[in-house]
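# Analysis of the macromolecular model
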Amino acid sequence: MLYAEERPDVTEQLAQGLAALKISLDRSRLKELDVRFPGPGGPAPQAYAW
């Protein structure tokens, strides 16, 4: 914790991360995110086929 106290950027990132835990999404928003970002399941993009 001393490291985090001495680094304002780390403290700010921690605060933002904790604030993100308070976000709540309704079903329609979750469905919209699923459509836009379907996740794994299909073939990998060519960029990752090495």
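The paragraphs below set out a description of the structure included in this document. (Residues numbered from 1 in each chain as written. Predicted model: local features only at pLDDT ≥ 70, side-chain atom pairs only at ≥ 80, totals over all residues. Heavy atoms only, no water.)

This next bit is on the overall build of the protein. Tallying secondary structure elements over the protein gives 3 helices and 0 strands in all. Listed by position from the N terminus, the elements making up the protein come as α-α-α. Within the span of the protein, comprising 50 residues, buried residues form 2% of the whole. Surface summary for the protein: the accessible area is close to 5200 Å², and the carbon and sulfur share equals 61%. (Helix = DSSP H or I, 4+ residues; strand = E, 2+ residues; numbered from the N terminus. Buried < 20%, exposed > 50% of the residue type's maximum accessible area, 1.4 Å probe, protein only. Areas by Shrake-Rupley, 256 points an atom, 1.4 Å probe, with all protein chains shown as cover.)

The next point concerns the pattern of salt bridges. Overall, the coordinates contain 3 salt bridges when judged by the stated rule. Measuring nitrogen to oxygen at the nearest pair gives 3.7 Å for the salt bridge that ties Glu32 to Arg29. Of this pair, Glu32 and Arg29 both sit in helix α3 (residues 27–36), 3 residues apart, roughly one helical turn. Judged by its relative accessible area of 34%, Glu32 falls in the partly exposed class. Look at Arg29 and you get partly exposed, because its relative accessible area is 48%. Arg36 serves as the salt-bridge partner of Glu32, at 3.3 Å between the closest nitrogen and oxygen. On the criterion of helical spacing, the pair formed by Glu32 and Arg36 is a turn pair, its members being 4 residues apart in helix α3. When salt bridges with common partners are traced through the structure, they connect Arg29, Glu32 and Arg36 into a single cluster. (Salt bridge = Lys/Arg side-chain N within 4 Å of Asp/Glu carboxyl O.)

Further remarks concern a nonpolar patch on the surface. Among the surface-exposed residues, Ile23, Leu25, Leu30, Leu33 and Phe37 lie close enough to one another that they form a single nonpolar patch of about 500 Å² accessible area. Structurally, Phe37 is set in the segment after α3. (Patch = residues over 30% accessible without salt bridge, like charges linked within 9 Å, V, L, I, M, F, W, Y side chains within 5 Å.)

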